[in-house]
Amino acid sequence: MRKRRKNKKSVYLYFLLIFFVFYAIFFIFKSIKSSVFFKGKERINIFFYGEKNLFYSLGKDLNYFFSLPSGIKVLTPGGYGYYRLGGLGKLVFLEKKPEIFKKTSSLVTSSFVDLYFYPPQQNIYYGKEKTSGFVLPTFNQIFFYKTNGNFIDRILLSVFLLRRNSNNFKIISYIPLVKKGNEAFFDDEKFFEIYQGLFYKKTYRDLKDNVQIIYTKSYKTAILLSRIIEGEGIRVVDISYKRKFDINWQNLTKCLVIENKKNPSLITQDLKNYFGCQFVQKETDLSDIILVLENLENEWQID
């Protein structure tokens, strides 16, 4: 009887072990498939929020780095206006919207931010000075901060950064600010003018596909989104109000990326994935690709 029970227990443990092995393989495969490092991106942009606000743009040949002080105010999408950077974590906690980190850092850098990291505690930071020189994120920041990435992203990022130092990065030292009384505001327009082209993806430029943006409410929001797209190296040729394009606006609830191709181009796919839009095959005239903002105007609203 004891031997039979022991055999049953062994069989149970055996099947349990097989289950965990297959689950681990499935988890690793899924993480690799969704990792930004395995998507063939020419450049990966990463933002670390905290006491030190760090931005890294990792490329095949050239990397960039800059930091922002917590005490400055930055334009925050979603109708929050200019918000103090050091309080962004508290805002995310209250609104339960971690994507505020992605959207804000995208507006700041005029680029697609792929990964963002932020501390699990809702601390408020007050630092007035940006980080002096080049710094790497800590082990704690990479592996224990919350992130939109996965475990494979954490591992590959740490491996990438461990093999590099300040000599492998071009440091952006000048950060344009506008002083109003005792407060300092980040000048996103000036930053775009000075550093446009640094975070380009050459692949987009070589494709030469251009984009028309169609908005329904806010021209200013459309302009700021066009900066992000232009900052990636995608040419925006026109920004138009909805009446200039024939579409069924009553049934539209989600942003659209329109292209006259059965199989969407790389730029169309990346716009669709980054902004969470729907792809529609339709004739275009003024541009190769059309981005209809719709819900993006609320999500990226600028006051």
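To be clear, the structure that these remarks concern was listed above.
Bear in mind the structure is a predicted one, so any value in this text is a computation, not a measurement.

### Re the overall build of the protein chain
Inference 1: A count of helical and extended segments in the protein chain gives 10 helices and 15 strands.
Inference 2: Long-range contacts, defined here as pairs at least 24 residues apart, represent 68% of the contacts in the protein chain between residues at least 6 apart.
Inference 3: Total accessible area on the protein chain is roughly 16,800 Å²; 53% of this is exposed by carbon and sulfur atoms.

### A word on the state of the cysteines
Inference 1: With the rule as written, the count across this model stands at one disulfide.
Inference 2: Note that Cys255 is cross-linked by a disulfide to Cys277, the S-S spacing being 2.0 Å. For the disulfide bridge between Cys255 and Cys277, the dihedral angle about the S-S bond is near -105 degrees, and by the sign convention the bridge is left-handed. Separated by 22 residues along the polypeptide, Cys255 in the loop between strand 12 (235-241) and strand 13 (256-259) and Cys277 in the loop between helix 9 (266-275) and strand 14 (278-281) bring together distant segments of the chain.
Inference 3: The buried category is assigned to Cys255, whose relative accessible area is 0%.

### So, the sheet that holds strand 2 (residues 53-59)
Inference 1: In space, the six strands of this open sheet follow the order 7-6-1-2-3-8, with mixed pairing throughout. The open sheet has two edge strands, strand 7 (146-147) and strand 8 (169-171), and neither has a second partner.
Inference 2: Strand direction decides the pairing type here: strand 3 (residues 63-68) and strand 8, joined by three bridges, are parallel. Looking at strand 8, one finds that Asn63 is bridged to Phe169.
Inference 3: Packing of helix 3 (residues 99-109) onto the sheet brings it into contact with strand 1 (43-48), strand 2, strand 3 and strand 6 (115-118), and relative to strand 6 it is tilted by some 120 degrees.

### Points about the packing of aromatic side chains
Inference 1: A full pass over the atoms with the stated rule returns 28 aromatic pairs.
Inference 2: A ring pair is formed by Tyr64 and Phe199, whose centres lie 5.8 Å apart and whose planes are at 80 degrees; its orientation type is edge-to-face. Here Phe199 lies in the loop between helix 6 (188-195) and helix 7 (202-207) and Tyr64 lies in strand 3, a separation of 135 residues in the sequence. Phe199 shares its class with Tyr64; the two are buried.
Inference 3: An aromatic cluster of at least three residues, connected via ring pairs, comprises Phe55, Tyr64, Phe66, Phe186, Phe191, Tyr195 and Phe199.
Inference 4: Of note, Lys102 hangs over the ring of Tyr274, and the distance from its end group to the ring centre comes to 4.3 Å.
Inference 5: Lys180 extends its terminal NZ or CZ atom over the ring of Phe185, reaching a point 5.1 Å from the ring centre.

Definitions and limits used
Residues numbered from 1 in each chain as written. Predicted model: local features only at pLDDT ≥ 70, side-chain atom pairs only at ≥ 80, totals over all residues. Heavy atoms only, no water. Helix = DSSP H or I, 4+ residues; strand = E, 2+ residues; numbered from the N terminus. Contact = heavy atoms within 4.5 Å. Areas by Shrake-Rupley, 256 points an atom, 1.4 Å probe, with all protein chains shown as cover. Disulfide = S-S within 2.5 Å. Buried < 20%, exposed > 50% of the residue type's maximum accessible area, 1.4 Å probe, protein only. Pairing = 2+ DSSP bridges. Axes fitted to C-alpha atoms, helices over the stretch in contact; angles between N-to-C directions. Phe/Tyr/Trp six-rings, centres within 6.5 Å; stacked < 30°, edge-to-face > 60°. Lys NZ or Arg CZ within 6 Å of the ring centre and 35° of its normal.

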